[in-house]
Amino acid sequence: MTDLITSLDLQRSDAATANTAVIPLARTVRPAPGTWRVMDGARVAGPAALRAVLHRFADDVATDSGVRLAVADDDAGSAVDLLVGLNPAGLGDIPLATGVRADGLALEDADERYGLDISPGGVRVWGATPEGIYRALTTLRQFVTAAAEGGVAEIPCMRVIDGPRFAWRGLSVDVARTFHDVEAIRRVIDMCSLYKLNVLHLHLTDDQGWRVEVPSWPALTEVGGAGALGARPGGHYTPADVAAVVTYAAERFITVVPEVDLPGHTNAVFAAYPELASAPTETSAQAEAFGLPIGTLDLDRGRTRAFVRDVYAAVAAQFPTSAWIHIGGDEAFGMADDAHAAFVDFSIATVRGLGRNAIGWQEAARAQVGPEEIIQYWIEPKQLDAMFEGGSAEQLPFPPEVMEVVADNLRKSFEDVPAALTKGARILVSPNSTLYLDRPYAESAATDEQETRRGRVGLPFYPPATLRDLIEWDPVAETPGIDDDDRIAGVEAAVWCETVTDRDDLEFLLLPRLAGVAERAWSAAPTEWDDYVLRLAETSRTWDRRGWTWFRPSSIDWPSDR
Ligand code: TNX
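Every value quoted in this text rests on a predicted model; they were computed, and no experiment measured them. (Residues numbered from 1 in each chain as written. Predicted model: local features only at pLDDT ≥ 70, side-chain atom pairs only at ≥ 80, totals over all residues. Heavy atoms only, no water.)

### Looking at the overall build of the protein chain
1) Next: A tally of regular secondary structure across the protein chain gives 19 helices and 17 strands.
2) Next: In terms of overall dimensions, the protein chain is globule-like: its C-alpha atoms have a radius of gyration of 24 Å, near the 24 Å expected for 562 residues.
3) Next: Its C-alpha atoms give the protein chain principal-axis dimensions of about 75 × 50 × 50 Å.
4) Next: Taking all contacts inside the protein chain whose residues are at least 6 apart in sequence as the whole, residues at least 24 apart take part in 77%.
5) Next: Summing over all exposed atoms, the protein chain offers an accessible surface of approximately 20,900 Å²; the carbon and sulfur share of this is 53%.
6) Next: With 50 positive and 84 negative side-chain charges, the protein chain shows a separation of 4 Å between the mean positions of the two kinds. (Helix = DSSP H or I, 4+ residues; strand = E, 2+ residues; numbered from the N terminus. Rg over C-alpha atoms; globule rule 2.2 N^0.38 Å. Contact = heavy atoms within 4.5 Å. Areas by Shrake-Rupley, 256 points an atom, 1.4 Å probe, with all protein chains shown as cover. Lys, Arg positive; Asp, Glu negative; His and termini not counted. Charge placed at Lys NZ, Arg CZ, Asp CG, Glu CD.)

If you want it as structure tokens, here you go:
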């Protein structure tokens, strides 16, 4: 027993040292003697099927580290420094990911596991699929970036065998409250790719804006997309914009999952097509005055059913790589339970009719969901207890009538995840207190500019959270009703943009937290904070190289401060 503990401890500390430059933490790392020296002109080779992946790798390494690799246009040739091949050898020693793939592939057909052998004479990279190879090269890119100086990097030798814990590792971005253009989204995709996240969920519609074209309902974007929250500029993605984003993501093995949030959060729809709106009530008028638009679509009103069908058909056509369409379903404040359930049932049937599967926010579990659906968990019972018992609900800026409809939804939310599990649906884990990135940072920063932004960005009624809170959280252990990885589809963070006014604010909320999200979604072993913080400091070199805006707690020893 004692021997066993000692050897486990040893393995862990070896792994921690060798892993210094990688986030998410790799599954197994065996240090080996010596170092590998890589510099400008180092030759990279692999089969034709991997050539595009190799060129992307070389481009990314050049951007992040300044080291310029040369991709050979034949299989091997002589003097190759980095040889890449499709081969599953030795990967069976670690389990395949569990959960659900956003692109609909079976887990066995989308193997992200990889091997990486770094020795003084060169590097060998292998995996069963181009995606696995891409993940391997992402690890290697981080090693090169951490070690590079003046076009040369010297990396400790080791053998890495790695693979993800969960198959769905995502980030949801609210492009409705603030419109983020294609370039901003490309930058977010680059961040996801750096940390091996493989899903970008776009929250395309909300009260304040509609961001995707539906040809038969042109006013959705012309009117509903013209503005954003407050006086922020509006905008929307044309089909060509969407195609550019979907392709850019696919080239990085990321699936873009579209969300059209119905039947609540639909004020942009009502602005465009007032005939779809129900008559305003006293509560909805009051709520509106407090900046919380409430009002829901009514399935039995006029052309609502045609609207739902047309919208999801248009979205499905523009997002061909996603097997899933997110139907929203959250916060249908003031709507009768049966009407909400009927609406969600109709949305699910519509999406299925398009050959896709439906995913919905947890309130959607109140409808007829089953094993074909995913329910996205976001409202935490523990947080609600604290809110109702601690009286912090009263601190929300709403009058009592409005608070009542909000509280009603929150109270029912206790039953959502148990109901979803009973019905056989899978859970996508996005608990508000850890995975909502629009939460103020708790650490302080060294500069006034950072402190000012920290005070402004993140919803003021959320208690601030530390980076450590996130990294010490576990998606299974801390999700009520779940005691096994198999019940969950994966892990997804969300960034909501009420307090995000521009791209810098967005990036400020994403970095450094996104790295921690990725570690919790990929790495099976718990993370030691002291080890993590070293790796986090290393990875900030890439943020600086790429010109990303990031929050820098003064408690961390960042390389750029040295
Ligand atoms: C709840 S999460 C919402 C969003 C807000 C967010 C703020 C969800 C399904 N609904 O409309 O933007 O909280 O964190």
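### Let's talk about the site of the ligand
1) Next: Close to the ligand lie Arg-177, His-265, Asp-330, Glu-331, Trp-361, Trp-378, Tyr-436, Asp-438, Leu-459, Tyr-462, Trp-496 and Glu-498.
2) Next: Here Asp-330 contributes a side-chain N or O atom positioned 3.0 Å from a nitrogen atom of the ligand.
3) Next: One nitrogen or oxygen atom from the side chain of Glu-498 is found 2.6 Å from an oxygen atom belonging to the ligand.
4) Next: Taking 360 Å² as the accessible area of the ligand by itself, protein coverage stands at 95%.
5) Next: Within the shell around the ligand, the residues separate by chemical class into 6 nonpolar, 1 polar and 5 charged. (Near = heavy atom within 4 Å. Polar contact = N/O pair within 3.5 Å; in protein donor to acceptor, adjacent residues only side chain to side chain. Nonpolar A, V, L, I, M, F, W, Y, C, P; charged D, E, K, R; others polar.)

### What about the sheet that holds strand S5 (residues 114–119)?
1) Next: Taken in spatial order, the 7 strands make up an open sheet running S1-S7-S5-S6-S4-S2-S3, and their pairing is mixed. Edge strands, defined here as strands with exactly one partner in the open sheet, are strand S1 (28–39) and strand S3 (70–71).
2) Next: Where S5 and strand S7 (residues 152–162) come together, 5 bridges link them in antiparallel fashion. Bridge pairing in S7 links Gly-115 to Ile-161.
3) Next: Against the sheet, helix H3 (residues 130–147) makes contact with S1, strand S4 (82–86), S5, strand S6 (122–127) and S7, and its axis sits at roughly 35 degrees relative to S5, the strand it touches most. (Pairing = 2+ DSSP bridges. Axes fitted to C-alpha atoms, helices over the stretch in contact; angles between N-to-C directions.)

### A closer look at the domain arrangement of the protein chain
1) Next: The assigned domain composition of the protein chain is domain 1 (7–162) and domain 2 (168–528 + 537–545).
2) Next: Distance from the C-alpha centre of domain 1 to the C-alpha centre of domain 2: 33 Å.
3) Next: Across the contact, 34 residues belong to domain 1 and 37 residues belong to domain 2.
4) Next: Between domain 1 and domain 2, roughly 3,000 Å² of surface is buried when both sides are summed, and carbon and sulfur atoms account for 53% of that area.
5) Next: Area buried by domain 1 at its contact with domain 2 is led by Pro-24, Val-100 and Ala-102, which between them contribute 22% of it. (Domains from an automatic or database assignment. Buried area = accessible area lost by both parts, 1.4 Å probe.)

### Some words on the sheet that holds strand S14 (residues 357–361)
1) Next: The strand order around the closed barrel built from 8 strands is S8-S9-S12-S13-S14-S15-S16-S17, with neighbouring strands paired in parallel fashion. Looking at each pair of strands side by side, their axes are set apart by 30 degrees on average, direction ignored.
2) Next: Bridge count between strand S15 (residues 374–377) and strand S16 (residues 426–429): 4 bridges; the pairing is parallel. Bridge assignment links Tyr-377 to a residue of S16, and that residue is Val-429.
3) Next: Strands in contact with helix H10 (residues 337–353) are strand S12 (255–262), strand S13 (324–328) and S14; relative to S13, the strand with the most contacts, it is inclined by about 165 degrees.

### Thoughts on the pattern of salt bridges
Side chains bearing opposite charge may pair, as long as their charged atoms lie close to each other.
1) Next: If you walk through the whole model with that rule in mind, you get 41 salt bridges.
2) Next: In this structure, Asp-557 engages Arg-562 in a salt bridge whose closest nitrogen and oxygen atoms are separated by 3.4 Å.
3) Next: By relative accessible area, which is 58% here, Arg-562 ends up exposed.
4) Next: Through salt bridges with shared partners, a single ionic network connects Arg-56, Asp-60, Asp-64, Arg-141, Asp-190, Glu-251, Arg-252 and Arg-546. (Salt bridge = Lys/Arg side-chain N within 4 Å of Asp/Glu carboxyl O. Buried < 20%, exposed > 50% of the residue type's maximum accessible area, 1.4 Å probe, protein only.)

### Considering the pairing of S16
1) Next: The pairing of S16 with strand S17 (residues 488–495) spans 3 bridges and is classified as parallel. Opposite Leu-428, over in S17, you have Gly-490 as the bridge partner.

### Here's the deal with the side chain of Glu-492
1) Next: Turning to its location among the elements, Glu-492 is positioned in strand S17.
2) Next: Here Glu-492 occupies a buried position and makes no salt bridge, while the nearest side chain of opposite charge, Arg-169, is found at 11 Å.
3) Next: When neighbours within four sequence positions are excluded, Glu-492 is seen to be in contact with Trp-168, Gly-170, Leu-171, Ser-172, Val-199, His-201, Gln-376, Leu-428, Val-429, Ser-430 and Leu-435.

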